[in-house]
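Tertiary structure, described
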Amino acid sequence: MKSFLAIIVFVALCLQTAQAFPIHFNNKQQTTKHQQQKTMCFSSKGDDSSEEKDFEVQTWNPLRLAVLKLGMTEPAWTSSFNYQKKKGVFSCAYCGNELFDSESKYDSGSGWPSFWRSKQEGAIGYKMEFGNRLECRCNKCGGHLGHVFLDGPKQTDVPSSLLQTSPASDPRSQRENGRLPRFCVNGASLRLKEEVQEQ
Ligand SMILES: [Zn+2]
């Protein structure tokens, strides 16, 4: 009788294991399928438009990566953004996050492209460095952009209509009528999407 019961228990265990195994196997298959889908999604990137391919090529510019990912500073007066006055939006060269516009660009004489206002609320993140220097980073990908100083133009030097569009997240001087911030940015961390001029 005991051996009969032992056989029943053994068979029951076998059946349970047999049931459990296919479930486990199916899960494995699902994972593999999921991985395949992920791989397919990844490889389908190769079919992207030429505009996105251009973006990738520009992203792998060594100077861009040194600035954005290693926090290095490009030599002063080397960025073409210092000199040109094209209209448009300046976005992060790594992830495309819109950071500044040409309306807030000004000549600070520092040797680096400078802006007195960011493009949109929360686009830029800040971190106080050793020595009380305020670093600014792209808030989407964390890429290093440059530094912010509170010695930008006077509030009376910029059009009041633009001043009102200044995001509340921009660093501000505590003094009333103090100077606006100076976003001192590495040109290598930016890409300019030019405004289409109507003719
Ligand atoms: Zn970014």
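Note: the structure precedes this text.
Residues numbered from 1 in each chain as written. Predicted model: local features only at pLDDT ≥ 70, side-chain atom pairs only at ≥ 80, totals over all residues.

Let us look at the nonpolar core. Core analysis: the biggest nonpolar cluster contains 25 residues, and Ala93, Leu99, Cys138, Phe183, Val185 and Leu190 have the highest contact counts within it. Where this core is concerned, the elements lending two or more residues are α3 (62-70), β1 (88-92), β2 (98-101), β6 (134-138), β7 (144-149), β8 (182-185) and β9 (190-194). A per-element tally of this core places β8 first, with three residues. (Core = buried A, V, L, I, M, F, W, Y, C linked by C-beta atoms within 7 Å. Buried ≥ 20, exposed ≤ 12 C-beta atoms within 10 Å, placed from the backbone. Helix = DSSP H or I, 4+ residues; strand = E, 2+ residues; numbered from the N terminus.)

As a further point, take α3. Here α3 has its buried residues at Arg64, Val67 and Leu68. When α3 is viewed along its axis, its buried side chains cluster within an angular range of 85° and face the same direction. Along α3, the residues that are exposed and aim more than 90 degrees away from the buried face are Pro62 and Leu70. (Arc of directions from axis to C-beta.)

The strand order β3-β4-β8-β7-β6-β5 describes an open sheet built from six strands, whose pairing is antiparallel. For this open sheet the edge positions go to β3 (105-106) and β5 (124-128), each flanked by a neighbour on one side alone. Sheet topology places β6 next to β7; four bridges connect them, and they run antiparallel. Each bridged residue has a counterpart across the sheet, and for arginine 137 the counterpart in β7 is histidine 144. (Pairing = 2+ DSSP bridges.)

Let us look at unusual backbone geometry. Phi is positive for tryptophan 77, close to 65°, though the residue is something other than glycine. Checked against the element boundaries, tryptophan 77 lands in the loop between α3 and β1. Phi at asparagine 132 is positive, roughly 60°, even though this residue is not glycine. Its place among the elements puts asparagine 132 in the loop between β5 and β6.

So, on to the sheet that holds β1. If you trace the three strands from one edge of the open sheet to the other, you get β2-β1-β9, paired in antiparallel fashion. Edge positions in the sheet fall to β2 and β9, since each has one partner strand and no second. The mean inter-strand angle of the sheet, taken between neighbouring strand axes irrespective of direction, is 30°. By the bridge criterion, five bridges tie β1 to β9 in an arrangement that is antiparallel. Opposite phenylalanine 90, over in β9, you have leucine 192 as the bridge partner. (Axes fitted to C-alpha atoms, helices over the stretch in contact; angles between N-to-C directions.)

This part takes up the pairing of β1. One ladder, built from three bridges, connects β1 with β2; its direction is antiparallel. Its bridge partner lying in β2, phenylalanine 90 is registered against phenylalanine 100. Here β1 hands over to β2 after five residues, with glycine 96 in that stretch at a positive phi of 85°.

Attention now moves to the pairing of β7. Once β6 ends, the chain turns through five residues before running back antiparallel as β7, passing glycine 142 with a positive phi of about 80°. Two strands pair when backbone bridges link them, and β7 and β8 are joined in this way by four bridges, in the antiparallel orientation. Following the sheet pairing, glycine 146 is matched in β8 by valine 185.

The values reported here are purely geometric and, on their own, carry no functional implication.
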